[in-house]
Amino acid sequence: MNHTPAETLLRMYYDRFNARDVEGFLQLLSDNVVHEISQGPVERGKEAFRAFLERMNRCYRERVYDLMVMVSADGSRAAAEFMLEGEYLQTDGDLPPARGQRYTLRVGAFFEFESGKIARVSNHYNLQDWIAQVSQ
């Protein structure tokens, strides 16, 4: 199947996410990437994204599956919907204590592209659903 450049880039993004390949993941991002964290702050730049990924890899083991990618006609924006299965490994800040709980979430993400790189990532998921799953 032939994909647009934007779809190919996003599929690489999620492949590297699943592989926990921080350096490979960061290569796909623009230097001034904007990261809009679901129900959290807006972070800017690759170094902030690196710190986010390192925290995520320390606290969670996650895998994206059932990925659906939709790209705008001009290729400047895209959306993705997928399922995320995970294991909560280490307590993350003020969130419930980690005990190796497993969870599954539906996630939506929105992207903008500049010069063949991802310039904005905006992730959205139901935090209350996640809290309920890991609190059982």
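Above this text you will find the structure in question.
Calculation criteria
Sequence order as written defines residue numbering, which begins from 1 separately in each chain. Note on the predicted model: pLDDT of at least 70 is required for a residue's local features to be given, and 80 or more for side-chain atom pairs to be given and counted; whole-chain, interface and lining totals, by contrast, use all residues. Values reported for side chains reflect all heavy atoms of the structure, with hydrogen atoms and water molecules removed beforehand. A cavity, in this analysis, means grid points on a 1 Å lattice covering only the protein atoms where a 1.4 Å probe fits yet has no way out; a pocket is instead an open set bounded by protein on both sides within 12 Å along at least five of seven lines, and a residue lines either one if it has an atom within 4 Å of a point. Grid points are joined across faces, edges and corners, and a volume is the space filled by probe spheres set on the points. Only DSSP runs of H or I reaching four residues or more are called helices, and only runs of E reaching two or more are called strands; each is numbered from the N terminus. Gly is placed with the polar residues, together with every amino acid not listed as nonpolar (Ala, Val, Leu, Ile, Met, Phe, Trp, Tyr, Cys and Pro) or charged (Asp, Glu, Lys and Arg). Pairing of N or O atoms within 3.5 Å defines a polar contact, subject to two protein rules: one partner must be a possible hydrogen donor and the other a possible acceptor, and residues neighboring in sequence count only if both atoms are side-chain atoms. Should any heavy atoms of two residues lie within 4.5 Å, those residues are counted as being in contact.

Caption draft 1: The arrangement of the layout of surface pockets in detail. Its boundaries defined by the atoms lining it, the largest pocket holds a volume of some 590 Å³. Around the largest pocket sit 30 residues that line it, and Ile37, Phe52, Arg55, Met56 and Tyr125 are the ones nearest its centre. Counting residues per element, the ones that place at least two in the lining of the largest pocket are helix 1 (5–18), helix 3 (46–59), strand 3 (60–71), strand 4 (77–88), strand 5 (102–114) and helix 4 (127–134). Element by element, the count of residues in the lining of the largest pocket is highest for helix 3, at five residues. The class makeup of the residues in the lining of the largest pocket is 21 nonpolar, five polar and four charged.

Caption draft 2: Molecular detail of the side chain of Arg120. Along the polypeptide, Arg120 turns up in strand 6 (residues 117–124). A distance of 3.5 Å separates polar atoms of two side chains, one belonging to Arg120 and the other to Glu36. A polar contact of 2.8 Å, which involves the side chain of Arg120, links it to the side chain of Glu112. Discounting chain neighbours no more than four positions away, the residues touching Arg120 are Val33, Val34, Glu36, Arg77, Phe110, Phe111 and Glu112.

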